[in-house]
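# Analysis of the macromolecular model
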Amino acid sequence: MALATSLQTLCFRLGIKTTCISKAMEFHELLKAHASSLTALRLQGSCKLVICLDLAARNAGIIPTMSDVVRMSGMSKKGYMEAHKVVTALLGVEERTSLRALAVQFGCPRVVPQAADILQRYTKDQCSDVDFGSPMFLCATLLVAARDENIKIDSNKLRERSGTKKATFDRLLAELQKYTIGNRNTEKRKSITRKRPGLMDAIDAQIQEDDQAAKRAKHDEKNESIKEGKEHDKKTDYEEWKKKILDKASCNKLS
């Protein structure tokens, strides 16, 4: 009775439906068989109750606010996340969800097709044996798809839902962004621009080619003129030299 009362109080403070109480009590009862495994965590009674209620709520598709859950547990956020993972593993209730379920919870069901397409394309490019159906990938994919469709959703709450550190989550968002429709359309437009130059590009290219041809012709003409000038000078010098020799020979003959 006391346990049920405590859980009811927690439900009120965390904004969780009281229908989750029975499942939370079930989880709390199952934890008794793992008491020795929980010794190292040094969990207070209230913390175990909060974790059990948190798991029960998530099992019902309700996502409690992380800051409220951590505050009610009496632990630090890092300590609570570690304890939550241990309890989840001990109870064998690793959370599974779907893109559609997440999208409904966050009010953006129409982005499900694009989110599924993004995740599928991303998965094909990966070589590691990773569980791409885990909350981390589903939450990140949903957020990227929603942003691409200009739909605002609570990114902080979605990241908390993923159970991933902010730095890791942000890196995954950057990778998934490459597979959005908006990004693919941008790459396609760039490709078309490279392959099909516009009319003005063709005109500019022709003008540059004509300018180069004119410069080459002018350069060749200048070189030819210089060459002809040198030939003329050589011929003039030869004629003058020849005249001098003949004049000198005539003088010597007369003398």
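About the cut-offs
- Residues numbered from 1 in each chain as written.
- Predicted model: local features only at pLDDT ≥ 70, side-chain atom pairs only at ≥ 80, totals over all residues.
- Heavy atoms only, no water.
- Phe/Tyr/Trp six-rings, centres within 6.5 Å; stacked < 30°, edge-to-face > 60°.
- Helix = DSSP H or I, 4+ residues; strand = E, 2+ residues; numbered from the N terminus.
- Salt bridge = Lys/Arg side-chain N within 4 Å of Asp/Glu carboxyl O.
- Buried < 20%, exposed > 50% of the residue type's maximum accessible area, 1.4 Å probe, protein only.
- Contact = heavy atoms within 4.5 Å.

Turning our eyes to something else, we now look at the packing of aromatic side chains. Under the criterion given, the structure shown has 2 aromatic pairs. On the basis of an interplanar angle of 40° and a centroid distance of 6.2 Å, the ring pair of Tyr122 and Phe137 is categorised as tilted. Separated by 15 residues along the polypeptide, Tyr122 in helix 8 (residues 112–124) and Phe137 in helix 9 (residues 135–148) bring together distant segments of the chain. Where Tyr122 meets Tyr179, the ring centres are 5.8 Å apart and the plane angle is 90°; that geometry is what we call edge-to-face. Taken together, the residues span a long stretch of sequence, with Tyr122 in helix 8 and Tyr179 in the loop between helix 11 (166–177) and helix 12 (181–195) at a distance of 57 residues.

Here we come to the pattern of salt bridges. Under the counting rule described, the total for this entry stands at 7 salt bridges. Note that Asp170 is salt-bridged to Lys166, the shortest N-O span being 2.8 Å. Placement of the pair is Asp170 and Lys166 together in helix 11, with a separation of 4 residues, close to one helical turn. Looking at Lys166, the relative accessible area reads 49%, which means it is partly exposed.

With that settled, consider the environment of Ala103. Among the structural elements, Ala103 can be located in helix 7 (residues 99–105). Take Ala103: its relative accessible area is 0%, and that puts it in the buried class. For Ala103 and Leu142, which are 39 residues apart along the polypeptide, the C-alpha to C-alpha distance reads 7.1 Å. When near neighbours in sequence (up to four residues on either side) are disregarded, Ala103 contacts Cys108, Pro109, Val112 and Leu142.

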